[in-house]
Amino acid sequence: MTPLPQTLDQHYDAALRKLKAHHTILMDEGNPISFQEFQLSVRRQVAALKLAGVAAGQMVGYSVPNGLAAFTLPLAISRIGAACLPMYVMVPDEFRCAAFAQARATFVVVPGESADNFRQIAAAKGMTFSVLTSEELLQADPEELPPAISVPDQPFLFATSSGTTGQPKPVFMTQRNVASALSAAYNLSSYGPWRTDSDYRAMIAFPQSTSGIMILLGTAFLGVCQVFTRSLSPARFLEIAHAVDAEAFSAPPAWLEALLSIPVNATNRVPSLRAVAAGMDFVSPLLLQRLGERFPAMDSVANGYGLVETATVFMIWKGDGKESFAGPTGRLTLCEGLGNEIRVVTENGEDVAVGEEGELWTKGPSVITSYLGNTQGFQDGWFRTGDYVVRESDTTVELRGRRKYLIKRGGKSVSPLVVQEAVDRSPGILRSVVVGIPHALYGEMVWAFAVAQPGSDPSTASVMKSVRAELPSHMVPDRVEFVETIPLGKGVGKVDREALIVQGKAILEKLGV
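A short tour of the structure in this document, coming up. Note that the structure is a prediction, hence the values are computed from the model and not measured.

What follows deals with the overall build of the protein. In terms of regular secondary structure, the protein is built from 14 helices and 25 strands. At 23 Å, the protein has a C-alpha radius of gyration in line with the 24 Å of a compact globule built from 513 residues. When its C-alpha atoms are laid out on the principal axes, the protein stretches across 70 × 50 × 50 Å. Burial status across the protein gives 57% buried among its 513 residues. Partitioning the intrachain contacts of the protein with sequence separation of at least 6 by distance along the chain shows that 68% fall at a separation of at least 24. A gap of 2 Å separates the mean positions of the 45 positive and 51 negative side-chain charges of the protein.

The structure is reproduced here in structure tokens:
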């Protein structure tokens, strides 16, 4: 068995050996980008960065729009042996400057239109980084790609994680962590009709998120043509997907929900769509079934699970055929060949038996060793994910939800994901989220926030009757609150459960409970 790459450079070198120069590796809103153009961009950026004085061990911050420069820049930075901090362009300039300075960036790359403002902010605040423009990097005379000098344990990608506490913590992924993430992307993208053939066209949402950039590069190096848009418009996403005959989507559940909200017309049907790869949040069976109805040719799905601390995806569930959409979508198996391990343990750190619940712990090449200046959540080399699961085997678990969101009702633990699936199956329900609301008598009440299907009129009683037929009495929602929309957080749009808990507490307070 060929050893897996241990650095980003090794992944890129493997792609250089595998992919043909004329191969379309990316599409920018439908405009093809060949692998030859991709390579040229890397070589130009390497030359420009070296000319500017970027050296091994330095930090390069960058914030550029979706485009060729954004996706080749990490490779150029890695080739020099430097580290990087990517940031979204929609973040205010002052905040980005402060983040780059805090990360001790020596150089910052931004679009030319933003460069002067960055320089002015840096001068006013006493920040010492030099500002380069993404345009000048792509105009440099290319040089031959230098030999790779990065090593597996070298810090490379600076990111931020909320960990298990909800408080942002700085994380430094090593080259090994990032290389494992790209290998996991290979696994994630080899599904459905493409288990042995990676020649297909996929639309990716949020390609510059921490997980997005690694999925984009990993799958592109495998041979998948990744298509991206320059806007965050679901309507535009569908139009481009239709125009380029996209065969797969790669997106978080909240984005897929947004796609379903767009009225169908002649320019956004996407009849070519055959599969969806999701991640970053729980994927409900109802969502997959609705996607299958919206896109009739869709009959395959993959769901990636991971956190920033695990360099994003390290466990996967795959389904073939529309019947697989019924789940269980939370049954997750370690990506093969990565060398990661898992345990399911009690609050006392003891391993549970097969079929029992506990917290998921993991260690291996995908997992960081600690937060910067903070070892909370790490124990004897293991990372405590904060997710509760049922142990099915040494490599497979079934997700029950975040530890902090498990509902303690009357002394019994309730998985909000299990209840949510049952609520979603109730007649007239479009989607739902289940949370625990603090209560003096029960400890916590089981509340379902539900969106009704258009034209339907479900009631609390009808939902409770449907759920009661499936689940024990302590898991039946104490209240069903009907809402027009489910609140989403910032970034990739995960469900904002904290907002729902606040809303529930306010309702109880208004009722005098």
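What follows is about unusual backbone geometry. Across the junction of Gly327 and Pro328, the peptide omega takes the value 10°, indicating a cis bond. Relative to the elements of secondary structure, Pro328 occurs in the loop between β14 (312-320) and β15 (331-334). The phi torsion at Arg104 lies on the positive side, around 60°, for a residue other than glycine. Within the secondary structure, Arg104 sits in the loop between α4 (93-102) and β5 (107-110).

This part covers the pattern of salt bridges. One pass over the full model with this rule turns up 25 salt bridges. Close ionic contact of Arg79 with Asp13 constitutes a salt bridge, the shortest N to O distance being 2.9 Å. Of this pair, Arg79 sits in helix α3 (residues 68-80) while Asp13 sits in helix α1 (residues 8-18), and the two are 66 residues apart along the sequence. Relative accessible area serves as the criterion here: at 6%, Arg79 is assigned to the buried category. The closest approach of N and O atoms between Arg96 and Asp93, which form a salt bridge, is 2.4 Å. On the criterion of helical spacing, the pair formed by Arg96 and Asp93 is a turn pair, its members being 3 residues apart in helix α4. Across the pair, Asp93 and Arg96 agree in class, each one buried. Because the salt bridges share partners, they merge into one network encompassing Asp9, Asp13 and Arg79.

Strand order across the open sheet formed by 3 strands is β23-β24-β25, with mixed pairing between neighbours. Among the strands making up the open sheet, the edge pair consists of β23 (429-439) and β25 (479-482). Across the sheet, the axes of successive neighbouring strands diverge by a mean angle of 30°, strand direction being ignored. Here β23 runs beside strand β24 (residues 443-452); their pairing, made up of 10 bridges, is antiparallel. Bridging across to β24, Gly436 finds its partner in Val446.

All right, on to the packing of aromatic side chains then. Overall, the coordinates contain 17 aromatic pairs when judged by the stated rule. Ring geometry for Phe71 versus Phe228: centroids 4.9 Å apart, planes at 70°, classification edge-to-face. Taken together, the residues Phe71 in helix α3 and Phe228 in strand β10 (residues 225-228) connect sequence positions 157 residues apart. The exposure classification of Phe71 matches that of Phe228, with both residues buried. Here the aromatic rings of Tyr191 and Trp194 are separated by 5.8 Å at their centres, their planes lie at 75°, and the arrangement is edge-to-face. Classification of Trp194 as buried rests on a relative accessible area of 4%. Every member of this aromatic cluster is reached through a ring pair, and the members are Phe206, Phe237, Phe249, Trp255 and Phe295. The positively charged end of Lys169 is found above the aromatic ring belonging to Tyr371, 5.0 Å away from the centroid. Directly above the ring of Trp382 sits Arg343, whose terminal nitrogen or CZ lies 5.3 Å from the centroid.

This part is about the nonpolar core. Counting residues in each nonpolar core, the largest one holds 117 residues, and the members touching the most others are Phe38, Met173 and Phe249. The element that contributes the greatest number of residues to this core is α3, accounting for 8 residues. Excluding residues within four positions of it along the chain, Met173 makes contact with Gln154, Pro155, Phe156, Leu157, Ala159, Val178, Thr210, Met214, Val308, Ala311 and Ile368. Residues Phe100, Ala105, Ala122 and Phe129 belong to the second largest nonpolar core, which totals 20 residues.

The subject of this paragraph is the environment of Thr460. Take Thr460: it is sitting in helix α13 (residues 460-468). Along the chain, Thr460 and Ser413 lie 47 residues apart, while their C-alpha atoms are 22 Å from each other. When near neighbours in sequence (up to four residues on either side) are disregarded, Thr460 contacts Val480 and Phe482.

Here we come to the environment of Gln289. For Gln289, the location among the structural elements is in helix α11 (residues 285-294). Here the alpha-carbon distance between Gln289 and Ala326, two residues 37 residues apart in the chain, equals 7.3 Å. Setting aside chain neighbours within four positions, we find Gln289 in contact with Phe325 and Ala326.

Right, let's get into the packing of helix α7 (residues 175-189) against helix α8 (residues 210-222). Look at α7 against α8: their axes get within 8 Å of each other, and the N-to-C directions meet at 65°. Seen along the crossing, α7 lies across α8 with a hand that is right-handed. Here Val178, Ala181, Leu182, Ala185, Tyr186, Leu188 and Ser189 of α7 lie close against α8, whose contacting residues are Met214, Ile215, Leu217, Gly218, Thr219, Phe221 and Leu222. Residues belonging to the contact of α7 with α8 are distributed by class as follows: 11 nonpolar, 3 polar and no charged.

Between helix α9 (residues 234-243) and helix α10 (residues 253-260), the shortest axis-to-axis distance is 9 Å and the interhelical angle comes to 80°. Looking at the two axes, α9 sits roughly perpendicular to α10. Mapping the contact onto sequence places Pro234, Phe237 and Leu238 in α9 and Trp255, Ala258 and Leu259 in α10. The residue makeup of the contact of α9 with α10, split by class, is 6 nonpolar, no polar and no charged.

Listed in full, the buried residues belonging to α13 are Val463, Met464, Ser466 and Val467. Buried residues along α13 cover an arc of 160° about the axis, so they all sit on one side. In α13, the exposed positions that point more than 90 degrees away from the buried face belong to Ala461 and Lys465. Buried residues in α13 make contact with α12 (416-424), β23 and β25.

Right, let's get into the environment of Val414. Its location among the elements puts Val414 in strand β22 (residues 412-414). A sequence separation of 23 residues divides Val414 from Ile437, and the C-alpha atoms of the two residues are 12 Å apart. Setting aside chain neighbours within four positions, we find Val414 in contact with Leu406, Ile407, Arg409, Val419, Val446, His474 and Met475.

Structurally, the position occupied by Ser426 is in the loop between α12 and β23. Discounting residues that sit within four places of it in the chain, Ser426 has contacts with Val463, Ser466 and Val467.

Criteria and thresholds
- Residues numbered from 1 in each chain as written.
- Predicted model: local features only at pLDDT ≥ 70, side-chain atom pairs only at ≥ 80, totals over all residues.
- Heavy atoms only, no water.
- Helix = DSSP H or I, 4+ residues; strand = E, 2+ residues; numbered from the N terminus.
- Rg over C-alpha atoms; globule rule 2.2 N^0.38 Å.
- Buried < 20%, exposed > 50% of the residue type's maximum accessible area, 1.4 Å probe, protein only.
- Contact = heavy atoms within 4.5 Å.
- Lys, Arg positive; Asp, Glu negative; His and termini not counted.
- Charge placed at Lys NZ, Arg CZ, Asp CG, Glu CD.
- Salt bridge = Lys/Arg side-chain N within 4 Å of Asp/Glu carboxyl O.
- Pairing = 2+ DSSP bridges.
- Axes fitted to C-alpha atoms, helices over the stretch in contact; angles between N-to-C directions.
- Phe/Tyr/Trp six-rings, centres within 6.5 Å; stacked < 30°, edge-to-face > 60°.
- Lys NZ or Arg CZ within 6 Å of the ring centre and 35° of its normal.
- Core = buried A, V, L, I, M, F, W, Y, C linked by side-chain atoms within 4.5 Å.
- Left-handed = near helix turned anticlockwise from the far one by under 90°.
- Nonpolar A, V, L, I, M, F, W, Y, C, P; charged D, E, K, R; others polar.
- Parallel < 35°, antiparallel > 145°, perpendicular 65-115°, else oblique.
- Arc of directions from axis to C-beta.

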